[in-house]
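Breakdown of the fold
Below are the chains, spelled out letter by letter.
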Amino acid sequence: MLKSKYLPKSKYLTKKQKGVLEDLFSGSLTVQEVLEKWYVTRRTYFRWHAQEFFAAEFKRLMNLVHSESDLICARYSAQVAMKLVSLTVAEKDEIARKACMNVINHPSRKTKNLTVAKNLPTPEEEYPPLPPEVASRLLAALANEKDLPVLSR
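Heads up: these notes are all about the structure in this document. Everything quoted here is computed from the prediction, not taken from an experiment.

Another point: the nonpolar core. Counting 13 residues, the largest nonpolar core has Val20, Leu21, Leu24 and Tyr45 as its most contacted members. Those elements that place two or more of their residues in this core are helix H1 (15–24), helix H2 (31–37), helix H3 (42–49) and helix H4 (52–86). Not counting the four nearest positions on each side in its chain, Leu24 is found in contact with Val31, Val34, Tyr45 and Phe58.

Now the structure itself:
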């Protein structure tokens, strides 16, 4: 959870605004409870969001909370994936089916597969075109291939 140390000592925010932001991002109170605690009307709160410094600090704190959430998800993603894969062999068919579908349809898996597919060269990009003389020789060699002895490995 965010503590007051994340709030800068800004001369552009009032003590009430700083207190509201601190309580909003502490995670223990709802927006309505915070507003009631600080005797702030919703109209005032919405007006604060139109103010440059309040809106910027709100956005900064929101990004910080999202970063913390992403970090937690990243930290436990391998464990969650292992648990989900282990559920694919669950005794109850419905649980196993849902787990299999979640593994197959996981958004990050699709993103990775699309990225890999986009990076693969097409056959035209991978090989330069053959000169006509070389192509005709290869075709002639392939046509006469049945006359050649088969080599064993």
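Next comes the rest of the write-up.
Let's shift gears to the environment of Leu84. With respect to the helices and strands, Leu84 occurs in helix H4. In sequence terms Leu84 and Asn102 are 18 residues apart; their C-alpha atoms lie 7.9 Å from each other.

Glancing now at unusual backbone geometry. Non-glycine residue Tyr39 carries a positive phi angle of around 55°. On the secondary structure map, Tyr39 appears in the loop between H2 and H3. Under the relative-accessibility criterion, Tyr39 is labelled exposed at 73%.

Below, the discussion takes up the packing of aromatic side chains. The tally for this structure, following the rule as stated, stands at five aromatic pairs. The interplanar angle of 10° and the centroid separation of 4.0 Å between the aromatic rings of Tyr12 and Phe53 together place this pair among those described as stacked. Placement of Tyr12 in the segment before H1 and of Phe53 in helix H4 is noted, with a sequence separation of 41 residues between them. Owing to a relative accessible area of 38%, Phe53 belongs among the partly exposed residues under this scheme. On the numbers, 6.4 Å between centres and 85° between planes, the contact of Tyr45 with Phe54 is edge-to-face. Taken as a pair, Tyr45 and Phe54 share a single burial class, namely buried. Here a set of aromatic residues connected by ring pairs shows up, and it is made of Tyr45, Phe46, Trp48 and Phe54.

Calculation criteria
- Residues numbered from 1 in each chain as written.
- Predicted model: local features only at pLDDT ≥ 70, side-chain atom pairs only at ≥ 80, totals over all residues.
- Heavy atoms only, no water.
- Core = buried A, V, L, I, M, F, W, Y, C linked by side-chain atoms within 4.5 Å.
- Buried < 20%, exposed > 50% of the residue type's maximum accessible area, 1.4 Å probe, protein only.
- Helix = DSSP H or I, 4+ residues; strand = E, 2+ residues; numbered from the N terminus.
- Contact = heavy atoms within 4.5 Å.
- Phe/Tyr/Trp six-rings, centres within 6.5 Å; stacked < 30°, edge-to-face > 60°.

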